Amino acid sequence: MNRQLDKILLGAIAVLAVALVWVVSGTLEAHVVKAGDTAPEFRIVTDSGRTITPSNFGGKLLVLNFWASWCPPCVEETPSLNAFQQQMKSQGVVVLAVSIDANEKLYHRFIDRYKVAFDTTRDPESNISASYGTFQIPESYIIDQSGHVREKIISNMDWMDPEFLARVKSYL
């Protein structure tokens, strides 16, 4: 009888162990935001003192760009992102660039050197980018006024590409 009870207990333990592994593995998956998703909430104050959230950013479209000063593709796309902001701000597009730089001095040096014309801030703990499932930079999200992600852009790009500009204008 003890032998039969031992087998039942071992079987129950095995089933519970498998169930535990299944539940835990499901919670370890990072949520990765994609086009069509609702943008995760955050509240951040820019270097200029402006408070921005995905649902209250003062425009028609929010371009949320994650970057760092030590990232070569981020450096490469900055001039076109500057030009994009200059061209699109009058149409209600707000660019918010969130740096994951830990070193504040390097961050400010980058902003000055590249004459960044859009809203910027630092999130050195990467809390906001992690909530979007962003693990490589640069990565950008185009978020509409209702808080939905219209596009997700992985890696650097030419923000002044005519096809891209036409697509952005269609979101307005």
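Our structure is the block above this text.
Notes on the structure in this doc start here. Not measured: the values here are computed from a predicted model.

To continue, consider the nonpolar core. Counting residues in each nonpolar core, the largest one holds 44 residues, and the members touching the most others are Leu64, Phe84 and Tyr132. Breaking this core down by element, the ones donating at least two residues are strand 3 (61–67), helix 2 (72–88), strand 4 (93–99), helix 3 (104–113), strand 6 (139–144), strand 7 (149–154) and helix 5 (162–171). Contacts of phenylalanine 84, omitting those with residues within four sequence positions, involve Val63, Val93, Val95, Trp159, Met160, Phe164, Leu165 and Val168.

A few words now on the environment of threonine 46. Tracing the chain through its elements places threonine 46 in the loop between strand 1 (44–45) and strand 2 (51–52). Given a relative accessible area of 5%, threonine 46 falls into the buried group. If near-sequence neighbours (up to four positions away) are discounted, threonine 46 is found in contact with Ile52, Leu96, Asp119, Thr120 and Thr121.

Attention now goes to unusual backbone geometry. Apart from glycine, the bulk of residues carry a negative phi angle, and the bulk of peptide bonds sit in the trans form. In this structure, proline 138 follows isoleucine 137 across a cis peptide bond, with omega equal to -5°. Looking at the secondary structure, you find proline 138 in the loop between helix 4 (127–131) and strand 6. Of note, lysine 115 is a non-glycine position whose phi angle comes to about 45°, a positive value. Relative to the helices and strands, lysine 115 is located in the loop between helix 3 and strand 5 (119–122). Although it is not a glycine, serine 155 sits at a positive phi angle of roughly 85°. Topologically, serine 155 is positioned in the loop between strand 7 and helix 5. According to the relative accessible area criterion, serine 155 is partly exposed, its value standing at 29%.

Turning our attention to the pairing of strand 3. Burial runs high along strand 3: seven of the seven residues are buried. Covered by surrounding structure in strand 3 are Leu61, Val63, Asn65 and Trp67 together with Leu62, Leu64 and Phe66, the residues of both alternating faces. Direction of pairing for strand 3 relative to strand 4: parallel, over a ladder of seven bridges. Along strand 4, the bridge assignment pairs phenylalanine 66 with valine 98. Note on the crossover from strand 3 through helix 2 to strand 4: the handedness is right-handed. Note that strand 3 and strand 6 share six bridges and pair antiparallel. Counted as the bridge partner of leucine 64 is tyrosine 141 from strand 6.

Turning our attention to the pairing of strand 4. Across the seven residues that make up strand 4, a large majority, seven, are buried. Residues Val93, Val95, Ala97 and Ser99 of strand 4 are buried on one face, and the alternating residues Val94, Leu96 and Val98, pointing to the opposite face, are buried as well. As paired strands, strand 4 and strand 5 are joined by four bridges and run parallel to one another. Bridging from a neighbouring strand, serine 99 pairs with arginine 122 of strand 5. At this point the chain moves from strand 4, through helix 3, to the parallel strand 5, and the crossover so formed is right-handed.

Parameters at a glance
- Residues numbered from 1 in each chain as written.
- Predicted model: local features only at pLDDT ≥ 70, side-chain atom pairs only at ≥ 80, totals over all residues.
- Heavy atoms only, no water.
- Core = buried A, V, L, I, M, F, W, Y, C linked by side-chain atoms within 4.5 Å.
- Buried < 20%, exposed > 50% of the residue type's maximum accessible area, 1.4 Å probe, protein only.
- Helix = DSSP H or I, 4+ residues; strand = E, 2+ residues; numbered from the N terminus.
- Contact = heavy atoms within 4.5 Å.
- Pairing = 2+ DSSP bridges.
- Right-handed = clockwise from strand over helix to strand, strands pointing away.

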